[in-house]
Amino acid sequence: MDSILVSTGVVALAEIGDKTQLLAFILAARFKKPVPIILGILLATSINHGLAGALGAWVTSVLSPQVLRWVLGLSFIGMAIWTLIPDEIEEEETQIASRLGVFGATLVTFFLAEMGDKTQVATVAMAAHYAQPLMVVIGTTLGMLIADVPAVFVGDKLSARIPMKLVHTIAAGIFAVLGIVTLLGAGASFGF
């Protein structure tokens with residue numbers, strides 16, 4: 001259960017102000033059709049994070065427990081630093097919509113925007129850390145929806161009221177704690 005709760009919370013916090021949340025704002029403002037946007041976010045995130053979870057499971061099978069502990073610990077600390085850097089969205093990610101419709105545009109742009117994004121990397125690391133990739137993918141997908149669905153409905157009104165720096169600092173703190181705890185051997189009972 002920890003794998004779902006931690007991955008949900010970490011991704012929900014890390015996603016606030018992230019480029020995919022900004023993309024949700026833009027798509028919602030442009031199309032004003034929340035249902036296909038939310039379904040596109042759900043499917044794109046499920047596929048993207050499913051692949052990331054599978055990669056995390058594979059990493060645990062090829063690295064020794066000692067190497068895995070250092071890789072994961074340093075990855076979490078790297079994620080803490082990365083979380084403090086605000087994202088910007090590129091205009092071409094939103095222009096795909098004119099050819100694919102609202103659902104298709106959301107699916108493609110969210111999938112592409114998540115490639116190599118901090119939440120995807122976090123999914124890989126948490127799937128490896130918890131050795132429960134399915135539970136982590138469920139949690140990270142839920143975290144994405146917790147952060148992005150409100151953005152679809154309230155757009156810029158909500159973003160102006162959320163203290164982004166505080167949210168990013170809290171998310172970075174959680175990643176840093178996960179990194180330090182992992183480096184100190186807290187995962188020893190799990191084999192790393």
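Whatever comes next refers back to the structure up there.
Residues numbered from 1 in each chain as written. Predicted model: local features only at pLDDT ≥ 70, side-chain atom pairs only at ≥ 80, totals over all residues. Heavy atoms only, no water.

**Q** I would appreciate a short explanation of the overall build of the protein in the present structure.
**A** Counting its regular elements, the protein contains nine helices and zero strands. Walking the protein from its N terminus toward its C terminus, one meets helices and strands in the order α-α-α-α-α-α-α-α-α. For the protein, with 192 residues in total, the buried portion stands at 47%. Long-range pairs, those at least 24 residues apart, make up 90% of the contacts in the protein between residues at least 6 apart in sequence. Only carbon and sulfur atoms are counted for the fraction: they give 72% of the accessible area of the protein, which is about 8,900 Å². (Helix = DSSP H or I, 4+ residues; strand = E, 2+ residues; numbered from the N terminus. Buried < 20%, exposed > 50% of the residue type's maximum accessible area, 1.4 Å probe, protein only. Contact = heavy atoms within 4.5 Å. Areas by Shrake-Rupley, 256 points an atom, 1.4 Å probe, with all protein chains shown as cover.)

**Q** Looking at this structure, I do not really get the packing of helix H3 (residues 34-62) against helix H7 (residues 118-130). What am I missing?
**A** When two helices pack together, you describe them by how their axes are tilted relative to each other and by the distance separating the axes. Between H3 and H7, whose axes approach to 7 Å, the crossing angle comes to 40 degrees. If you check the angle between H3 and H7, you find them oblique. Our pair here, H3 against H7, has a crossing hand that is right-handed. The residues of H7 that touch H3, namely those facing Asn-48, His-49, Ala-52, Gly-53, Leu-55, Gly-56 and Thr-60, are Thr-119, Gln-120, Thr-123, Val-124, Ala-127 and Ala-128. Split into classes, the residues belonging to the contact of H3 with H7 amount to five nonpolar, eight polar and no charged. (Axes fitted to C-alpha atoms, helices over the stretch in contact; angles between N-to-C directions. Parallel < 35°, antiparallel > 145°, perpendicular 65-115°, else oblique. Left-handed = near helix turned anticlockwise from the far one by under 90°. Nonpolar A, V, L, I, M, F, W, Y, C, P; charged D, E, K, R; others polar.)

**Q** Got a minute to help me understand helix H1 (residues 2-15) in this structure?
**A** It helps to recall that an α-helix has 3.6 residues per turn; residues three or four apart then point in one direction. For H1, built from 14 residues, the straight-helix expectation of 20 Å at 1.5 Å per residue is met to within 8% by its first-to-last C-alpha distance of 19 Å. Of all the positions in H1, only Ser-3, Ile-4, Ser-7, Thr-8, Val-10, Val-11, Ala-12, Ala-14 and Glu-15 are classed as buried. (Expected span 1.5 Å × (residues − 1).)

**Q** Quick question: what am I supposed to make of the nonpolar core here?
**A** Core analysis: the biggest nonpolar cluster contains 20 residues, and Leu-72, Phe-76, Met-126 and Phe-175 have the highest contact counts within it. Mapped onto this core, the elements with two or more residues apiece are H1, helix H4 (65-83), H7, helix H8 (133-159) and helix H9 (164-183). Sequence-distant contacts of Met-126, that is, excluding residues within four places in its chain, are made with Val-6, Ser-7, Val-10, Val-11, Phe-76, Ala-131, Val-136 and Thr-140. Residues Ala-28, Ile-41, Phe-110 and Leu-145 belong to the second largest nonpolar core, which totals 16 residues. (Core = buried A, V, L, I, M, F, W, Y, C linked by side-chain atoms within 4.5 Å.)

**Q** How should unusual backbone geometry be read in this particular structure?
**A** Negative phi is the rule for most residues except glycine; trans is the rule for most peptide bonds. Its identity as a non-glycine residue notwithstanding, Ala-131 has a phi of 55 degrees, on the positive side. With relative accessibility at 47%, the residue Ala-131 sits in the partly exposed group.

**Q** Just checking my understanding: could you explain the environment of Ile-16 for this structure?
**A** For Ile-16, the location among the structural elements is in the loop between H1 and helix H2 (19-31). According to the relative accessible area criterion, Ile-16 is buried, its value standing at 15%. Spatially, the C-alpha atoms of Ile-16 and Asp-148 are 8.0 Å apart, while their sequence positions differ by 132 residues.

**Q** Can you help me understand a nonpolar patch on the surface in this one?
**A** A cluster of nonpolar side chains, Val-35, Leu-39, Leu-42, Leu-43, Ile-47, Leu-51 and Phe-103, forms an exposed patch at the surface whose accessible area comes to about 600 Å². Tallying contributions element by element places H3 first for the nonpolar patch, with six residues. Tracing the backbone through its elements, the reader meets Leu-39 in helix H3. (Patch = residues over 30% accessible without salt bridge, like charges linked within 9 Å, V, L, I, M, F, W, Y side chains within 5 Å. Salt bridge = Lys/Arg side-chain N within 4 Å of Asp/Glu carboxyl O.)

These results come straight from atomic positions and should not be treated as a statement about function.
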